[in-house]
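One-letter residues, chain by chain:
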Amino acid sequence: QVQLVESGGGLVQAGDSLRLSCAASGRTFSRYSMGWFRQAPGKEREFVAAISASGGTYYADSVKGRFTFSRDNAKNTAYLQMNSLKPEDTAVYYCAAANRPYYTGSDPLTYDYWGQGTQVTVAS
């Protein structure tokens, strides 16, 4: 089992940047695939990005070219660098983990562990 804790959210202006962090417990972080999802009020949870255990990434079309998913296995931490933020990026952002090293799926129901989320608000 793994516990995930997100941090780095906040209130920013459109066009600004923000970096989210996801700190994971345990000694097997390097073998998990990771995902970032977001959920706005009244909306379903939406896929943002995924990264495999080896570092391969996959992004939702809405964030391609603006967001970058990375991981530091030595620190048991995953990061989401968000640039050129837009008001429509406003949501609670969740970190997720899958116990399959090559999994980069976009369905939130296929992930095994979840953090509690961090709020990102982008003002226009």
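Use the structure listed above.
All of the points below concern the structure found in this document.

Procedures and definitions
Residues numbered from 1 in each chain as written. Predicted model: local features only at pLDDT ≥ 70, side-chain atom pairs only at ≥ 80, totals over all residues. Heavy atoms only, no water. Helix = DSSP H or I, 4+ residues; strand = E, 2+ residues; numbered from the N terminus. Rg over C-alpha atoms; globule rule 2.2 N^0.38 Å. Buried < 20%, exposed > 50% of the residue type's maximum accessible area, 1.4 Å probe, protein only. Contact = heavy atoms within 4.5 Å. Areas by Shrake-Rupley, 256 points an atom, 1.4 Å probe, with all protein chains shown as cover. Lys, Arg positive; Asp, Glu negative; His and termini not counted. Charge placed at Lys NZ, Arg CZ, Asp CG, Glu CD. Pairing = 2+ DSSP bridges. Axes fitted to C-alpha atoms, helices over the stretch in contact; angles between N-to-C directions. Core = buried A, V, L, I, M, F, W, Y, C linked by side-chain atoms within 4.5 Å. Salt bridge = Lys/Arg side-chain N within 4 Å of Asp/Glu carboxyl O.

### Topic: the overall build of the chain
At step 1: For the chain, the count of helices and strands is zero helices and eleven strands.
At step 2: Along its sequence from the N terminus, the chain presents helices and strands in the succession β-β-β-β-β-β-β-β-β-β-β.
At step 3: Here the C-alpha atoms of the chain give a radius of gyration of 13 Å, agreeing with the 14 Å that 2.2 N^0.38 yields for 124 residues.
At step 4: Overall, the C-alpha framework of the chain stretches about 40 × 25 × 25 Å when taken along its three principal axes.
At step 5: Burial analysis of the chain (124 residues in total) assigns 44% to the buried set.
At step 6: Sequence-distant contacts, at least 24 apart, represent 60% of the contacts inside the chain between residues at least 6 apart.
At step 7: If you sum the accessible surface of the chain, you get close to 6300 Å²; carbon and sulfur atoms cover 46% of it.
At step 8: For the chain, the distance from the average site of its 12 positive side-chain charges to the average site of its 10 negative ones is 7 Å.

### With respect to the sheet that holds strand S1 (residues 4-7)
At step 1: Across the sheet, which stays open at both edges, the four strands sit in the order S1-S3-S8-S7 with antiparallel pairing between neighbours. One side of each edge strand has no neighbouring strand; the edge strands of this open sheet are S1 and strand S7 (67-72). On average, each strand axis in the sheet is tilted by 15° relative to the strand beside it, whichever way the strands run.
At step 2: Sheet topology places S7 next to strand S8 (residues 77-82); six bridges connect them, and they run antiparallel. Residue pairing across strands places Phe-67 opposite Met-82, the latter belonging to S8.

### Here we look at the nonpolar core
Note on soluble globular proteins: their nonpolar side chains tend to be buried together.
At step 1: Within the largest apolar cluster, 37 residues are counted, with the highest numbers of intra-cluster contacts made by Leu-4, Met-34, Trp-36, Phe-69, Leu-80, Met-82 and Tyr-93.
At step 2: For this core, the secondary-structure elements that each account for two or more residues are strand S3 (18-24), strand S4 (33-39), strand S5 (46-51), S7, S8, strand S9 (91-98) and strand S11 (118-123).
At step 3: The element best represented in this core is S9, accounting for six residues.
At step 4: Once residues lying within four places of it in the same chain are set aside, the contact partners of Met-82 are Asp-16, Ser-17, Leu-18, Leu-20, Arg-66, Phe-67, Tyr-93 and Val-120.

### Section: the environment of Val-48
At step 1: You can see Val-48 is positioned in strand S5.
At step 2: On the basis of relative accessible area, Val-48 is assigned to the buried category, the value being 1%.
At step 3: When the C-alpha atoms of Val-48 and Phe-67 are compared, they prove to be 8.7 Å apart, with 19 residues separating the residues in sequence.
At step 4: Aside from chain neighbours lying at most four places away, what touches Val-48 is Trp-36, Phe-37, Arg-38, Tyr-58, Tyr-59, Ala-60, Val-63, Phe-67, Leu-80 and Tyr-93.

### A look at the pattern of salt bridges
At step 1: Tallied over the full model, the rule gives four salt bridges.
At step 2: For Arg-38, the salt bridge identified is with Glu-46, shortest N-O distance 2.9 Å.
At step 3: Of the residues examined, Arg-38 reaches a relative accessible area of 5% and is grouped as buried.
At step 4: Bridged by salt links that share partners, the residues Arg-38, Glu-46, Arg-66 and Asp-89 form one connected network.

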